[in-house]
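Coordinate inspection notes
As a plain string of letters, each chain reads:
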Amino acid sequence: MAVSSSAALTRRMMLAGLGCSLAASPLVTPMTFAATPGDNRLVVLILRGAMDGLDVLRPVGDPDFADLRRVTLGKERAIPLDGFFEMHPALGDLKPMWDAGELGFAHAVATPYRDKRSHFDGQDILEAGIVSNDGVPTGQDGWLNRLVASLPGARAETAFAIGRGELRILTGAAPTSTWAPQTQLELTPHAERLLELVYHDDPLFRDAAASALTIVSDLEQEATMGDEDVEMGSMMSEMGVATSNKALLAMTEFAINRLRRDTRIASYSITGWDTHAGQANRIGGPLRNLAGTINAMKIGLGPEIWGKTTILALTEFGRTARENGSQGTDHGTGGAILMAGGAVRGGRVYGDWPGLAEADLYDRRDLMPTADVRSYAGWAMRGLYGLGVSDLERGVFPGLDMGRDPGIILG
């Protein structure tokens with residue numbers, strides 16, 4: 001059905017109004033923490049919007065890759081890693097970590113979610129870690145909360161959340177506390193998801209909403225930064241840690257302060273990964289934010305704590321193997337995990353590569369998953385906290401077969 005120009009304009013005005021409301025909202029990206037026994041730290045970064053693993057970690061050694069990606073990769077030269085994979089140039093600041101064995105990847109991974117490719121369901125499954133037989137998330141708790149509940153000697157004040165909403169990944173039976181800056185306007189996570197659904201297929205509003213989230217991020221920074229945060233921010237700037245998202249840096253600084261004390265588990269989100277159009281110009285910013293976050297963690301935690309830290313950067317699903325007509329990529333299946341930290345056995349890409357020939361693709365369109373995202377998280381928790389495989393498969397990720405140990409954590 002055709003839409004008149006006046007109707008389209010009215011819709012755009014409505015969406016722009018919603019974008020302004022979004023810009024005026026308080027923290028829309030919550031951060032959660034947990035204090036647990038022991039010295040090892042686990043940081044889980046949720047990359048909301050479906051990061052394109054085939055762009056971030058490029059399989060240039062696959063003979064079919066070049067034909068699938070002619071425009072979206074941009075003109076800047078990628079960073080060679082192991083002769084088969086190359087890293088997106090926007091992650092260049094992390095290359096010293098790769099060389100030092102503190103940065104690694106797992107490719108061709110996914111949650112059990114298939115086919116519908118909804119951000120909402122994909123993120124729920126990623127954070128809940130449990131799915132029903134028909135592929136939908138089950139239960140209301142998250143797998144990091146179940147981890148905390150399974151650790152002997154965990155304290156009464158196990159976790160707390162920063163922001164108006166809760167991260168499902170650390171929601172559950174383990175006791176939590178919450179904090180948010182004082183504000184007169186607020187946007188619930190459900191409202192934020194509704195906005196995402198409304199603007200998803202409208203490039204104009206997608207860009208406007210992204211700008212709105214940036215404004216929100218700046219407001220977050222003003223609300224959350226104290227004297228100690230400002231002092232650490234100056235240190236980060238002096239040492240060359242850069243990110244275009246000041247609020248993300250503020251959140252990372254806050255996480256560092258906690259992790260240097262009693263906190264052992266932290267989780268928060270980095271947005272901006274939904275690259276349906278103009279991917280070459282859009283994905284660099286989020287990747288630089290991710291690199292800046294990880295570098296800030298290393299600098300802020302210091303050598304001793306960094307040596308006991310594991311960072312897992314996870315996304316709800318990958319993107320299509322072939323770029324679309326808008327010089328972007330659509331929702332897919334298989335993707336990549338980034339892992340970093342002094343406790344990580346890095347300098348390598350984990351996983352079984354399925355190939356990119358059409359017959360090798362999932363549904364002849366997506367990278368075929370050869371491993372479950374949850375299995376890598378499970379083996380990380382096994383290495384960091386000494387939990388039994390059966391405890392992880394029954395209590396933290398019920399129904400998961402973790403398979404063989406990939407050895408991502410240093411013994």
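Each chain carries its own residue numbering, running from 1 in the written order of its sequence. A pLDDT threshold of at least 70 governs which residues receive local features in this predicted model, and a stricter bar of 80 or more applies before side-chain atom pairs are shown or counted, although totals over entire chains, interfaces and linings include all residues. Think of the side-chain values as coming from all heavy atoms in the structure, minus any hydrogens and water.

Below, the discussion takes up the sheet that holds strand 3 (residues 57–58). Any two strands with at least two DSSP-identified bridges between them are counted as paired. Elements are defined by DSSP. Helices are runs of H or I of four residues or more, strands are runs of E of two residues or more, and each kind is numbered from the N terminus. Taken in spatial order, the three strands of this open sheet run 3-5-4, and their pairing is antiparallel. Two strands bound the open sheet, and with one partner strand each, they are strand 3 and strand 4 (79–80). As paired strands, strand 4 and strand 5 (residues 86–87) are joined by two bridges and run antiparallel to one another. The partner of I79 across the bridge, within strand 5, is M87.

What follows deals with the nonpolar core. Nonpolar core, defined: a set of buried Ala, Val, Leu, Ile, Met, Phe, Trp, Tyr and Cys residues in which side-chain atoms within 4.5 Å join the residues together. For every residue, the accessible area (1.4 Å probe, protein chains only) is compared with the maximum for its type, and the residue is labelled buried under 20%, exposed over 50%, or partly exposed between those bounds. Counting 44 residues, the largest nonpolar core has L45, L103, F105, L290, I294, M297 and L338 as the members making the most contacts within it. The element that contributes the greatest number of residues to this core is helix 12 (residues 284–306), accounting for nine residues. Residue contacts are defined here by distance: any two heavy atoms, one from each residue, within 4.5 Å place the two residues in contact. Sequence-distant contacts of L338, that is, excluding residues within four places in its chain, are made with L91, L94, L103, G104, F105, L290, I294, I311, L312 and A313. Of all hydrophobic cores here, the second largest spans 40 residues; its members include V109, W143, L167 and L400.

On to the confidence of the model for the protein, then. Averaged over all residues, the pLDDT of the protein is 80; the fraction at 70 or higher stands at 71%. Each residue carries a pLDDT value, the predictor's own confidence for that position, ranging from 0 to 100. Here residues 1–28 is modelled with pLDDT under 50, and outside its nearest four sequence neighbours on either side it reaches 48 contacts, counting other chains as well. Ignoring residues within four places in sequence, the model shows residues 156–164, a span with pLDDT below 50, making 45 contacts including any to other chains.

Looking now at the packing of helix 13 (residues 373–385) against helix 14 (residues 389–396). In this analysis, axes come from line fits to C-alpha atoms, helices being fitted only over the stretch in contact, and the angle between any two N-to-C directions falls in the range 0 to 180 degrees. The contact between helix 13 and helix 14 brings their axes to 10 Å, and the two run at 130 degrees. Overall, the two elements helix 13 and helix 14 adopt an arrangement that is oblique. The hand of the helix 13/helix 14 crossing is right-handed. Across from G378, W379, M381 and R382 in helix 13, the residues of helix 14 making contact are V389, L392 and V396. In the scheme used here, Gly and all other residues not listed as nonpolar or charged are polar, with Ala, Val, Leu, Ile, Met, Phe, Trp, Tyr, Cys and Pro taken as nonpolar and Asp, Glu, Lys and Arg as charged. Here the contact of helix 13 with helix 14 is composed, by residue class, of five nonpolar, one polar and one charged. Here is the rule for angles: anything less than 35 degrees is roughly parallel, anything more than 145 is roughly antiparallel, 65 through 115 is roughly perpendicular, and the remaining ranges are oblique. Left-handed is the label given to a crossing in which the near helix is rotated counterclockwise from the far helix by less than a right angle, and right-handed is the label when the rotation is clockwise.

With that settled, the discussion passes to empty space enclosed by the protein. Definitions used for this entry: grid spacing 1 Å over protein atoms alone; cavity, a set of points where a 1.4 Å probe fits but cannot get out; pocket, an open set with protein on both sides within 12 Å along at least 5 of 7 lines; lining residue, one with an atom within 4 Å of a point. Grid points are joined across faces, edges and corners, and a volume is the space filled by probe spheres set on the points. Going through the model one piece at a time under the given rule, you end up with three cavities of 30 Å³ or more. In this model, the second largest cavity occupies a volume close to 50 Å³. Lining the second largest cavity are V109, A110, L314, T315, F317, G318, G335, A336, I337 and V373. When residues of the lining of the second largest cavity are traced back to their parent elements, those giving at least two are strand 6 (103–110), strand 10 (309–315) and strand 11 (335–340). Among the elements that take part in the lining of the second largest cavity, strand 11 stands out by supplying three residues, more than any other.

The next thing to look at is the packing of helix 10 (residues 246–259) against helix 12. Their axes nearest at 10 Å, the elements helix 10 and helix 12 cross at an angle of 20 degrees. Judged on the interaxial angle alone, helix 12 and helix 10 are roughly parallel. The interaxial crossing formed by helix 10 with helix 12 has right-handed handedness. Where helix 10 abuts helix 12, its residues L248, L249, T252, A255, I256 and L259 lie against N289, T293, A296, M297, G300, L301 and I305. Per-class residue counts for the contact of helix 10 with helix 12 are nine nonpolar, four polar and no charged.

Residues other than glycine predominantly adopt negative phi, and peptide bonds predominantly adopt the trans conformation. In this structure, Q327 is a non-glycine residue whose phi angle is positive, near 60 degrees. Topologically, Q327 is positioned in the loop between strand 10 and strand 11. Taking relative accessible area as the criterion, Q327 reaches 46% and is therefore assigned partly exposed. For D363, which is not glycine, the phi dihedral falls at a positive 55 degrees. With respect to the helices and strands, the residue D363 is situated in the loop between strand 12 (349–350) and strand 13 (371–372).

Another point: the packing of aromatic side chains. Paired rings are identified among Phe, Tyr and Trp, the last through its six-membered ring, by centres lying within 6.5 Å, and are further divided according to the angle between planes into stacked (under 30 degrees), edge-to-face (over 60) and tilted (the rest). Taken as a whole, this structure holds six aromatic pairs when the rule is applied. Judged by centre distance (5.6 Å) and plane angle (85 degrees), the ring pair of F85 and W353 falls under edge-to-face. Of this pair, F85 sits in the loop between strand 4 and strand 5 while W353 sits in the loop between strand 12 and strand 13, and the two are 268 residues apart along the sequence. Both rings, one in W98 and one in F105, keep their centres 6.3 Å apart while their planes meet at 40 degrees; by these two values the pair is tilted. Overall, the relative accessible area of 6% leaves W98 in the buried class.

So, on to helix 6 (residues 143–150). Taken across its eight residues, helix 6 has six buried, putting it largely inside the fold. Every buried residue of helix 6 is listed here: W143, L144, N145, R146, L147 and V148.

Residues in a regular strand point their side chains to alternate faces of the sheet. Judged by how many residues are buried, strand 11 sits mostly within the fold: six of six residues are covered. Where strand 6 and strand 11 come together, six bridges link them in antiparallel fashion. Residue pairing for strand 11: G104 is matched across the bridge by M339. Pairing of strand 10 with strand 11 involves three bridges; the strand directions are antiparallel. Bridge pairing in strand 11 links L312 to M339.

Within this document, salt bridges are pairs made up of a side-chain nitrogen of Lys or Arg and a carboxyl oxygen of Asp or Glu, the two lying within 4 Å of each other. The tally for this structure, following the rule as stated, stands at 19 salt bridges. R404 is paired through a salt bridge with D352; the nearest N and O atoms lie 3.7 Å apart. Placement of R404 in the segment after helix 14 and of D352 in the loop between strand 12 and strand 13 is noted, with a sequence separation of 52 residues between them. Since its relative accessible area comes to 44%, D352 is described here as partly exposed. The salt bridge involving D372 is made with R374; its shortest N-O contact spans 2.8 Å. The residues D372 and R374 share a single accessibility class, namely buried. Salt bridges sharing partners connect three or more residues here, namely D39, R264, E304 and K308.

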